[in-house]
Each structure stands twice: as structure tokens, then as C-alpha cells.
Amino acid sequence: MEDDFAQWYTDVVKQAELVDYGTVRGTMIIKPYGFAIWENIRDELDKQFKETGHSNVYFPLFIPESMLQKEKDHIEGFAPEVAWVTHGGEEELTERICVRPTSEVLFGEYYSKNIHSYRDLPKLYNQWSNVVRWEKTTRPFLRSLEFLWQEGHTSHATREDAEAETNQMLEIYADVCENYLAIPVLRGKKTESEKFAGAHYTLTIESLMHDGKALQSGTSHYLGTGFAEAFDILYLDENGEQKPVHQTSWGMSTRIMGALIMVHGDNRGLVIPPRIAPTQAMIVPVAQHKEGVLDKAYDLRDRLQNLVRVDIDGSDKKPGWKFNEYEMKGVPVRIEMGPKDIENEQVVLVRRDTGNKEFLPLAELEERLPALLEEVQQNLYDGALAHLEETTTTAVDMDQFKQALDETPGFIKAMWCGDEACEEKIKEETSATSRCIPFEQETVSDSCVCCGREAKEMVYWARAY
């Protein structure tokens with residue numbers, strides 16, 4: 001990974017059996033192991049969505065061009081990435097149909113027909129679906145023509161309610177990233193030029209990859225009343241006045257799988273945090289051809305399967321091959337058991353994150369294994385946080401800014417005057433973009449890092465995926 005991070009990433013994705021390439025350029029086949037990881041992430045998100053009152057729905061894949069045109073800022077933002085259907089069978093369509101890049105307009109049309117009174121609010125819907133965006137440059141998980149995600153779309157009576165929803169959903173994303181994926185994140189607001197097309201403002205969580213590049217990991221948008229006005233989503237309030245609803249949208253996609261790989265992976269492959277690992281502990285019998293070894297290993301699996309997500313490799317492959325296989329796949333803990341271990345009534349626990357071995361009496365396994373998994377989870381988070389902090393620097397002028405990017409790739413804290421021209425100049429000269437305006441502001445200087453004029457706010461900058 002130190003020599004060629006991009007190639008390392010591709011190798012890990014392939015060799016850990018997460019994906020295969022689809023027939024069409026830029027598409028991917030998510031294989032069983034990759035999908036199992038995504039399912040665990042999805043299930044945790046879904047649980048938290050439902051705990052906060054949201055219902056799952058499903059909307060069509062196709063959007064008529066006339067509907068997409070109703071919100072001008074929105075369509076202009078997505079136009080370069082839209083895939084169009086022009087024919088149905090042998091016949092040319094009278095109106096082009098867009099393949100869903102996102103579903104704001106579909107929900108807008110639906111809400112206009114189904115919201116009439118304040119009693120109908122709030123509407124708290126989430127959709128698990130696929131979307132298509134015709135990317136020029138693709139890479140598995142990070143940018144593909146089609147990807148999986150969830151998209152929440154809600155309608156509220158007041159701005160205050162909608163903004164509370166926008167904040168709440170960002171915190172759910174941050175919780176899943178930090179407490180399940182063991183990825184520390186920066187929380188903040190996007191600049192005007194970086195916000196979601198059609199949004200009043202966008203909130204984001206930003207994570208840092210091992211190579212010092214940032215990744216936008218989840219976004220939550222306050223849409224204001226723009227879509228409500230475009231689609232006539234009006235309701236009668238308690239005084240009988242007709243008002244437009246305030247809306248939000250928010251999403252997290254399989255892109256987060258790319259973050260998982262690039263934050264925790266190493267030269268032996270994946271490292272999966274225990275809380276989202278499909279298999280938390282893999283039992284590898286040693287010298288399994290000897291009498292009783294395989295039976296004891298299966299007994300151990302049966303004993304542990306209600307405690308942790310455990311599996312066993314009873315294939316005829318050599319133990320060394322199995323060790324390498326489950327290190328490549330990032331299984332948090334390996335449990336080795338051979339004839340001597342059976343004789344001594346012990347097992348060998350091997351941590352994926354550190355490689356440390358621990359000889360443990362069998363009688364203590366039920367107590368020790370869950371604790372060890374928590375130690376691995378915490379260690380992965382602590383390591384990622386230390387890397388983020390070590391590679392976050394401060395710059396007060398462009399010379400420092402460029403030096404930091406070259407010498408310590410990561411986040412740069414720098415002041416900004418608020419002028420989009422400065423933001424664009426920084427991007428042109430350094431390839432770094434504004435990642436977020438953090439909620440917790442600090443003053444690192446009085447002047448803009450680019451133009452030297454009076455600064456308005458501190459911004460995190462980085463090169464990004």
C-alpha cells in the first residue's frame with residue numbers, strides 16, 4: 001500500500017472476494033462476502049431509522065424528463081451524470097426517461113398528492129434502493145455507475161422540525177461510522193459550491209483514508225421549501241392557512257465500504273471491525289486429519305454460535321493457507337485448535353488488528369472472546385483517530401497549505417473569507433477541496449489562507465475521493 005495505494009485497494013477488493021467487475025464498464029458484482037458486510041451496515045442503519053420513527057418505502061427506478069425539470073437547480077446539478085432511456089422495445093419514446101440518480105422529485109410528486117393538512121405531517125420515509133450515475137472515472141465502491149444506498153425523504157410543517165431532522169440523521173450516520181465501522185469523522189456543513197444540488201444547505205461527515213485523502217461518508221440536506229414550491233406540496237396549518245412543507249433528504253451508500261477498506265486495511269488485506277464483521281471469529285483446526293480434532297472444532301463452534309458470529313473452516317486446505325485467507329478477509333479473531341491444544345484444554349486466539357497470539361484455557365473462552373472483540377473494535381477506532389489527528393495540520397497562507405499537502409497529506413485547517421473565487425483557486429492550485437465548515441469553530445488566523453482578506457470561518461480542506 002505504501003508503493004501504490006490505488007493498486008493495493010483494487011487488489012484487496014478482488015482478493016478478499018468483495019466484488020467482481022460487471023460486464024458494463026464501471027459496474028460491479030457485489031459478492032457474498034462483500035454483501036454480508038454491507039448487510040450488517042444496512043441493518044444497523046435501518047434499525048436506527050426505525051427507532052427514530054421512519055418507515056421504509058420503495059419508489060420507481062424511472063423518472064420522466066418533465067418531472068426532473070421541475071426543480072432547475074436540482075437537474076442542473078445532476079445533468080452530467082444522468083443515464084437516459086430513449087427506447088422501449090423497438091419504439092422511440094415520446095419523452096426521455098431518466099434512470100434514478102436520486103429520488104427527490106419522485107417523493108416531491110408523491111407528497112404533493114398525499115399531504116393536505118398539518119395532521120399528515122411529518123412524513124418520515126426512507127428508501128433502500130439502487131441509483132445510477134454515469135461517472136467518467138470509476139473504482140469499485142468509491143465511484144461506480146450503479147450503487148446501493150438508502151435515501152431518506154421527509155416533509156415537516158416547520159423549518160425548525162426539518163432542521164432538527166437534518167441534524168438527527170447526520171448524527172445517526174456519525175454513530176454508525178464511529179461506533180460500528182470504527183471510523184472517526186468530522187461533522188460540519190458544506191460550502192455553497194459543494195452542497196447538494198437543490199438543497200438549502202448540506203451537512204456532512206468526512207473521514208480520512210490511510211493515504212491522507214478524505215472521503216465524504218454521509219450527507220444530510222435541509223431542502224427548505226424549494227421542492228415544495230416546485231411540486232405544490234402544500235398543507236393547511238391549524239389556523240387554516242395554506243403553507244409549503246419543509247423537506248429534508250439524506251443518504252449513505254456502499255461508498256462507505258471503500259472507507260472501511262482504506263481506513264483499516266493493511267498489507268495483509270482487509271481488517272473488519274468486529275461489530276460489522278460477518279464472521280467475528282473463525283475456527284481453524286490444526287492437524288485436523290488426526291482423530292478427534294475436527295469433531296472438537298465443530299463442538300467448539302456449536303458452543304460459541306449463540307455468543308458471537310463464529311464459523312469453522314473444515315476444508316482440506318493447509319492451515320497456513322487458511323490463516324492467510326482469513327487475514328486477507330479481515331476476520332477479527334482466529335481461533336486455532338490442534339491436538340496439543342485439545343490435550344492442554346486450551347485454544348490459541350489470534351487478533352487480526354495486531355497479530356498478537358493469546359493462549360487461553362477453554363473454560364475461559366466464553367468470557368474472554370466477547371471482551372477481546374471489543375478490544376479489537378476500540379483499537380481500530382483509536383488507531384484511525386490517531387492517524388486523523390497526526391495528519392491534521394494548520395495553514396495560515398498558501399505556502400504552508402501546499403507544504404502541508406505534500407509533507408503530511410490529510411486534513412488542513414485554514415481560514416476562509418467565504419468567497420467562492422478563493423475556494424476555486426485553492427482547488428485549481430492544489431487539487432484540495434473544502435470538505436466541511438466544522439460545527440465547532442476555532443480561529444487559526446485572522447485572514448483568509450488564499451487571499452489574505454478578513455476571514456469568516458475555519459474550513460477543513462483535503463484532497464478527496
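The paragraphs below set out a description of the structure included in this document. (Residues numbered from 1 in each chain as written. Predicted model: local features only at pLDDT ≥ 70, side-chain atom pairs only at ≥ 80, totals over all residues. Heavy atoms only, no water.)

**A few points about the pattern of salt bridges**
Item 1. A full pass over the atoms with the stated rule returns 36 salt bridges.
Item 2. With its nearest N and O atoms 3.6 Å apart, the salt bridge here joins E44 to K47. One end of the pair is E44 and the other is K47, both in helix 2 (residues 32–51) and 3 residues apart, which spans about a single turn.
Item 3. Using a relative accessible area of 9% as the deciding quantity, one classes E44 as buried.
Item 4. The exposure class of K47 is partly exposed, given its relative accessible area of 39%.
Item 5. For D313, the salt bridge goes to K322, with nearest N and O atoms at 3.8 Å. One exposure class covers both D313 and K322, and it is buried. (Salt bridge = Lys/Arg side-chain N within 4 Å of Asp/Glu carboxyl O. Helix = DSSP H or I, 4+ residues; strand = E, 2+ residues; numbered from the N terminus. Buried < 20%, exposed > 50% of the residue type's maximum accessible area, 1.4 Å probe, protein only.)

**Section: the packing of aromatic side chains**
Item 1. Going through the model one piece at a time under the given rule, you end up with 14 aromatic pairs.
Item 2. Judged by centre distance (5.8 Å) and plane angle (75°), the rings of F411 and Y460 are edge-to-face. Placement of the pair is F411 in the loop between helix 13 (398–407) and strand 21 (412–416) and Y460 in strand 23 (residues 457–462), with a sequence separation of 49 residues. The same class applies to F411 as to Y460, namely buried.
Item 3. In this structure, K189 is placed above the aromatic ring of Y201, and the distance from its NZ or CZ to the ring centre is 4.9 Å. (Phe/Tyr/Trp six-rings, centres within 6.5 Å; stacked < 30°, edge-to-face > 60°. Lys NZ or Arg CZ within 6 Å of the ring centre and 35° of its normal.)

Remember, this is a structural readout, not a statement about activity or role.
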